[in-house]
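Structure at a glance
Each chain is listed here by its residues.
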Amino acid sequence: MVESQKTERSVTELYLEVLARADGQDSLYHMTGNAYAFIPGTRPQKLFSINGFNIRRRVETAEKDGFFVATRELVFYTDATTGEVLDNWDNPITGQTNEVFHIDNDPVNFRMRSKGEGQWVAVMNDGSRELGPPSAPKEMGDYYVWASDVFPFYPLPGWEKNYTSCEIFDFYVPKSARFSAESPPIMNTWVRVGPWLPWMGMDGHEGNIIYHAHSFRHDSFEALPDNIKTLVRQKYPKYQTAPDTVDPTRPNATSWTVYRAEMEKRGTGER
């Protein structure tokens, strides 16, 4: 009797699984955490919690040189005590009540290009510029840990300022996943230090928001909590699946661009 051949993936192949499933099926990172006000010289305070997800899949590039990680993300701001999804929020800093605009970003895509012999690099979505290869993971006990420290900096159309923030990601993958053909279990931590959100009414106020969240990767929308699934089906039905096509000329959405588009649609003159 011949023993079946043992499956073994390279560390790079495992990293590509962190980005999206190799079989082209949807995967989903379910995220929960909190957001805090950080104002120099004052005691930090919790503003609200967050509960949501990023849903994604691989989409082959037209050039056949790699794939897009095609994603959309929907994250709800929730009451820090009850967990209830917020429609309005009482700002403890200004004393005003503000309409809440949840993270409702579609698309949020990025691109990987094969350089042959198991080598990959991240690429601008339009393919114009290579950004560099993935970093090697740290080995921590039974896990590989990929760390990514990102510092976005770009002009905000409609605002006379630049967007600047810090985003810190850590992805934890069991080393044993190298010896399995199954899609691996993946845990993730995320920290962002960034500006006040445009709907918070905080123009002119010094300080930042600090987000701290954890997520776990699931294989489908059905793994989410029932209350989140119900809300998505009622109000955000497209988020039940990942995008299946990518327009490389279309810019990624952000909380700022989505908010500005909504204000223009309403014709309020607000930013």
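This text gives an overview of the structure that appears in the document.

Thresholds applied
Residues numbered from 1 in each chain as written. Predicted model: local features only at pLDDT ≥ 70, side-chain atom pairs only at ≥ 80, totals over all residues. Heavy atoms only, no water. Buried < 20%, exposed > 50% of the residue type's maximum accessible area, 1.4 Å probe, protein only. Helix = DSSP H or I, 4+ residues; strand = E, 2+ residues; numbered from the N terminus. Pairing = 2+ DSSP bridges. Salt bridge = Lys/Arg side-chain N within 4 Å of Asp/Glu carboxyl O. 1 Å grid on protein atoms, 1.4 Å probe; cavity = no way out; pocket = protein on both sides within 12 Å on 5 of 7 lines; lining within 4 Å. Points joined across faces, edges and corners; volume = space filled by probe spheres on them. Nonpolar A, V, L, I, M, F, W, Y, C, P; charged D, E, K, R; others polar. Expected span 1.5 Å × (residues − 1). Arc of directions from axis to C-beta. Contact = heavy atoms within 4.5 Å.

A closer look at the pairing of strand 1 (residues 27-38)
- By the criterion of burial, strand 1 is predominantly enclosed, with 9 of the 12 residues buried.
- Where strand 1 lies against strand 2 (residues 45-60), 11 bridges are found, and the strand directions are antiparallel. Within the sheet, the bridge partner assigned to Met 31 lies in strand 2 and is Gly 52.
- Between strand 1 and strand 2, which follow one another and run antiparallel, lie 6 residues, and Gly 41 among them has a positive phi close to 85°.

Some remarks on the pattern of salt bridges
- Going through the model one piece at a time under the given rule, you end up with 23 salt bridges.
- Two residues, Glu 130 and Lys 115, come together in a salt bridge whose shortest N-O distance is 3.0 Å. Note that Glu 130 is positioned in strand 9 (residues 130-132) and Lys 115 in strand 7 (residues 110-116), a separation of 15 residues in sequence.
- Taking relative accessible area as the criterion, Lys 115 reaches 48% and is therefore assigned partly exposed.
- Of the charged contacts in the structure, one is a salt bridge between Arg 233 and Glu 222, with a shortest N-O distance of 2.8 Å. Pair noted here: Arg 233 is in helix 2 (residues 226-235) and Glu 222 is in the loop between strand 16 (208-218) and helix 2, with a separation of 11 residues, a long-range link.
- For Glu 222, a relative accessible area of 46% puts it in the partly exposed group.

Overview of the layout of surface pockets
- If you add up the space inside the second largest pocket, you get close to 540 Å³.
- Contributing to the lining of the second largest pocket are 21 residues, with Val 100, Phe 101, His 102, Asp 104 and Tyr 236 lying nearest its centre.
- Listed by contribution, the elements that provide at least two residues to the lining of the second largest pocket are helix 2 and helix 3 (255-266).
- A breakdown of the residues in the lining of the second largest pocket according to their chemical character gives 10 nonpolar, 3 polar and 8 charged.

Regarding helix 3
- Between the first and last C-alpha of helix 3 there are 17 Å, a value that for 12 residues agrees with the 16 Å anticipated at 1.5 Å per step.
- Among the residues of helix 3, Trp 256, Tyr 259 and Met 263 are the ones counted as buried. The arc enclosing the buried residues of helix 3, seen along the axis, measures out at 70°, which places them on a common side. Facing away from the buried surface of helix 3 by more than 90 degrees, the exposed residues are Glu 264 and Lys 265.
- Summarising the contacts, the buried residues of helix 3 are in contact with strand 13 (162-164).
- Following helix 3 by one or two positions, Gly 267 adopts a phi angle in the positive range, close to 70°.

Points about empty space enclosed by the protein
- Counted by the stated rule, this structure contains 1 cavity of 30 Å³ or more.
- Roughly 60 Å³ of internal volume is contained in the largest cavity.
- Those elements giving two or more residues to the lining of the largest cavity turn out to be strand 6 (103-105) and helix 3.
- Residue contributions to the lining of the largest cavity peak at 3 residues, all from helix 3.
- Each residue belonging to the lining of the largest cavity can be placed in one class, and the counts come to 5 nonpolar, 3 polar and 1 charged.

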